[in-house]
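Chain by chain, the residues run as shown.
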Amino acid sequence: MTLNHVRRGSGRPLLLVHGLGAGWRSWSPIIDELAASREVIAVDLPGFGESPPLAGEVSIATLTDSVAEFIREQGLDGVSTVGQSMGGRMVLELARRGVGGDTVALDPGGFWSDRELAVFGATLRPSIALVRALRGTLPALLGNPVGRTLLLAQLSARPWALSRETVLPDVRGLAESPSTGAALDALTKGPKQQGAPAGTVPGRVTIGWGRRDLVTVPKQAARATELFPDAVLHWFERCGHFPQWDAPHEATRLILDSTS
C-alpha cells in the first residue's frame, strides 16, 4: 500500500516513523522545527492516522515491510530515519536490514526482559481500554493538569506541564486507531528485536532514552546498545517515553545533529 504521509520543509530528507497513537501527528510538537532545516516526511503506519490497516498479519516485520516499500516507491534510498517507541524499534529493524541511512531511535521497544514485557502489557492494555472508554471526554480531561497527570503518568515525566494540543492526538489515536490492538499484540507476543553486528548498519545509529521512561524502562538501553554496538546512546534527563513531549527542543537538536 501507499502510506498516507505529509511533507514539510526542504533540504536533505528525513523520514519520521511514529509509535502507537496518532500517526504522523505524533510528531506535531517538533515537525515544524525539524522542517526549518530539512525536508521532513512523516508517515501514517498501516491502521494509524489515514493509512488503511494491513490486509494480512500485523507484526513488527510486516509493519516495517510497509515502511521499506514506502522508501523504495518514493525514491528515498539512503534516507535518514527517526522513530519513537514502536517506530524506534522499526527504524532499528530497517538499519539491521541495511535500509536507509542514519538512524535515530527514541525510546525504542523490543528490548524488554520477559518480566518487563509482562508488566508492559499488563499496564498498557488497561490504559488503552480506559482512554477508549473516556473517548468522548478526552479533550476536557486532557485540558486539565490533574486529568493529564492521572491519564499520562506512565508516558510523561511531567504530564501536568504539557498542553492539551501536545498530547491529545496521541491519546486519541490510542483510542481510535484500528490497528492499536494488533500492533500491541505484535510488540508483546511477537519476537524481540534482533541486533546488528558492528559495521553492518548503513549509517550512524543514535539511540535516545528518557531517564524516567516507565514504558521502555532505562535499563533496556544497555540491551539495545549491546545488540547495536555501533549505536551512540543519548540520555534525556527528566523525560519519559515521549521525548517530543517532554524535551522537544533537545529531541530536535539530537535528530538534526545525528542525521545527514
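Refer to the structure presented above.
From a predicted model like this one, the values you see are computed outputs, not experimental measurements.

Caption draft 1: Inspection of the pattern of salt bridges at higher detail. For the structure on display, the rule yields 14 salt bridges. A salt bridge links Arg72 to Glu69; the nearest nitrogen and oxygen atoms lie 2.9 Å apart. Placement of the pair is Arg72 and Glu69 together in helix H2 (residues 60–73), with a separation of three residues, close to one helical turn. In this structure, Arg97 engages Glu93 in a salt bridge whose closest nitrogen and oxygen atoms are separated by 3.0 Å. Taken together, the residues span about one helical turn, with Arg97 and Glu93 both in helix H3 (residues 86–97) at a distance of four residues. By relative accessible area, which is 32% here, Arg97 ends up partly exposed.

Caption draft 2: Geometry of the sheet that holds strand S7 (residues 232–236). Read across the sheet, seven strands follow the order S1-S3-S2-S4-S5-S6-S7 without closing on themselves; strand pairing throughout is mixed. What marks the edges here is a single partner per strand, and that holds for strand S1 (5–8) and S7. Going across the sheet, the axis of each strand differs from the next one's by a mean of 15 degrees, ignoring polarity. Here strand S6 (residues 205–210) runs beside S7; their pairing, made up of five bridges, is parallel. Looking at S7, one finds that Gly210 is bridged to Phe236. Against the sheet, helix H9 (residues 220–227) contacts S6 and S7, and its axis sits at roughly 175 degrees relative to S6.

Caption draft 3: Broad picture of empty space enclosed by the protein. Inspection of every chain in the model, using the stated rule, returns one cavity of 30 Å³ or more. Looking at the largest cavity, its volume works out to about 150 Å³. The residue makeup of the lining of the largest cavity, split by class, is ten nonpolar, six polar and no charged.

Caption draft 4: Region of the structure containing the nonpolar core. If you look at the biggest cluster of nonpolar residues, it comprises 57 residues, and the most contacted ones within it are Leu15, Leu20, Val67 and Met86. Ignoring anything within four residues of it in the chain, the contact list for Leu20 reads Phe48, Met86, Leu124, Asp170, Leu174, Thr180, Ala183, Leu184 and Leu187. By size, the runner-up hydrophobic cluster in this structure holds 21 residues, among which are Leu16, Leu34, Leu106 and Ile255.

Caption draft 5: Local environment of the environment of Val205. Relative to the assigned elements, Val205 resides in strand S6. Residues Val205 and Ala175, spaced 30 residues apart in sequence, show a C-alpha to C-alpha distance of 32 Å. Setting aside residues no more than four positions away along its own chain, Val205 makes contact with Leu92, Thr103, Asp230, Ala231 and Val232.

Basis of the calculations
Residues numbered from 1 in each chain as written. Predicted model: local features only at pLDDT ≥ 70, side-chain atom pairs only at ≥ 80, totals over all residues. Heavy atoms only, no water. Salt bridge = Lys/Arg side-chain N within 4 Å of Asp/Glu carboxyl O. Helix = DSSP H or I, 4+ residues; strand = E, 2+ residues; numbered from the N terminus. Buried < 20%, exposed > 50% of the residue type's maximum accessible area, 1.4 Å probe, protein only. Pairing = 2+ DSSP bridges. Axes fitted to C-alpha atoms, helices over the stretch in contact; angles between N-to-C directions. Contact = heavy atoms within 4.5 Å. 1 Å grid on protein atoms, 1.4 Å probe; cavity = no way out; pocket = protein on both sides within 12 Å on 5 of 7 lines; lining within 4 Å. Points joined across faces, edges and corners; volume = space filled by probe spheres on them. Nonpolar A, V, L, I, M, F, W, Y, C, P; charged D, E, K, R; others polar. Core = buried A, V, L, I, M, F, W, Y, C linked by side-chain atoms within 4.5 Å.

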